[in-house]
Amino acid sequence: GIEFIDSYVFNKAEYIRFNSTVGRYVGYTEYGVKNAEAWNKGPQLGQEQGELERFCKRNAEIYYRAILDKT
């Protein structure tokens, strides 16, 4: 299957991540945890979940073929 991950980094440290397998945001710092709680209740969650369908699944075959062509 396809997994979509969207990481947010500040000063080289990941503070929050959306993972399509988990289906929600997860915070890795105090600030990230607070944002994850808010983003999981807001419109951001639906937008991220839509990216898997809108972008990843539509383009996966194209990227896969390009990788195979290089090997």
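Here, the structure is the one placed above.
Predicted model, so just to flag it, every value in this text is computed and none were measured.

Draft legend 1. Broad picture of the overall build of the protein. Along its length, the protein carries two helices and three strands. When the helices and strands of the protein are listed from N to C terminus, the series reads β-β-β-α-α. Its C-alpha radius of gyration of 14 Å places the protein more than 25% over the 11 Å reference for a compact globule of 71 residues. Dimensions of the protein, computed from the C-alpha atoms along their principal axes, are close to 45 × 25 × 15 Å. The buried share of the protein, reckoned over its 71 residues, is 24%. For the protein, the proportion of contacts with a sequence separation of at least 24, taken over those separated by at least 6, is 22%. Looking at the protein as shown, the accessible area adds up to about 5400 Å², and 54% of this sits on carbon and sulfur atoms.

Draft legend 2. A look at the nonpolar core. With ten residues, the main nonpolar core is built from Phe4, Tyr15, Ile16, Phe18, Tyr25, Ala36, Trp39, Leu45, Leu52 and Cys56. At the level of secondary structure, the elements contributing two or more residues to this core comprise strand S2 (13-19), helix H1 (30-41) and helix H2 (43-70). Setting aside anything within four residues of it in sequence, one finds Ile16 in contact with Asp6, Ser7, Tyr8, Tyr25, Val26, Gly27, Tyr28, Gly32, Asn35, Ala36 and Trp39.

Draft legend 3. Expanded view of the sheet that holds strand S1 (residues 5-10). Pairing is antiparallel across the open sheet formed by three strands, whose spatial order is S1-S2-S3. The strands lining the two open edges of the sheet, one partner per strand, are S1 and strand S3 (24-27). Mean inter-strand twist for the sheet, computed between neighbouring axes without regard to direction, equals 20°. Where S1 lies against S2, six bridges are found, and the strand directions are antiparallel.

Draft legend 4. Focus on a nonpolar patch on the surface. Judged by side-chain polarity, Phe55, Ile62 and Tyr63 come together as a nonpolar surface patch covering roughly 300 Å² of accessible area. Looking at the element boundaries, Ile62 is found in helix H2. We classify Ile62 as partly exposed; its relative accessible area is 47%.

Draft legend 5. Structural view of H1. Its twelve residues place the ends of H1 18 Å apart at the C-alpha level, agreeing with the 16 Å of an ideal helix rising 1.5 Å per residue. The complete set of buried residues in H1 reads Gly32, Asn35, Ala36 and Trp39. Projection of H1 onto a plane perpendicular to its axis shows the buried side chains occupying an angular sector of 110°, all on one side. Pointing more than 90 degrees away from the buried face of H1 are the exposed residues Glu30, Lys34 and Lys41.

Conventions and cut-offs
- Residues numbered from 1 in each chain as written.
- Predicted model: local features only at pLDDT ≥ 70, side-chain atom pairs only at ≥ 80, totals over all residues.
- Heavy atoms only, no water.
- Helix = DSSP H or I, 4+ residues; strand = E, 2+ residues; numbered from the N terminus.
- Rg over C-alpha atoms; globule rule 2.2 N^0.38 Å.
- Buried < 20%, exposed > 50% of the residue type's maximum accessible area, 1.4 Å probe, protein only.
- Contact = heavy atoms within 4.5 Å.
- Areas by Shrake-Rupley, 256 points an atom, 1.4 Å probe, with all protein chains shown as cover.
- Core = buried A, V, L, I, M, F, W, Y, C linked by side-chain atoms within 4.5 Å.
- Pairing = 2+ DSSP bridges.
- Axes fitted to C-alpha atoms, helices over the stretch in contact; angles between N-to-C directions.
- Patch = residues over 30% accessible without salt bridge, like charges linked within 9 Å, V, L, I, M, F, W, Y side chains within 5 Å.
- Salt bridge = Lys/Arg side-chain N within 4 Å of Asp/Glu carboxyl O.
- Expected span 1.5 Å × (residues − 1).
- Arc of directions from axis to C-beta.

That is the geometry; function is a separate question.
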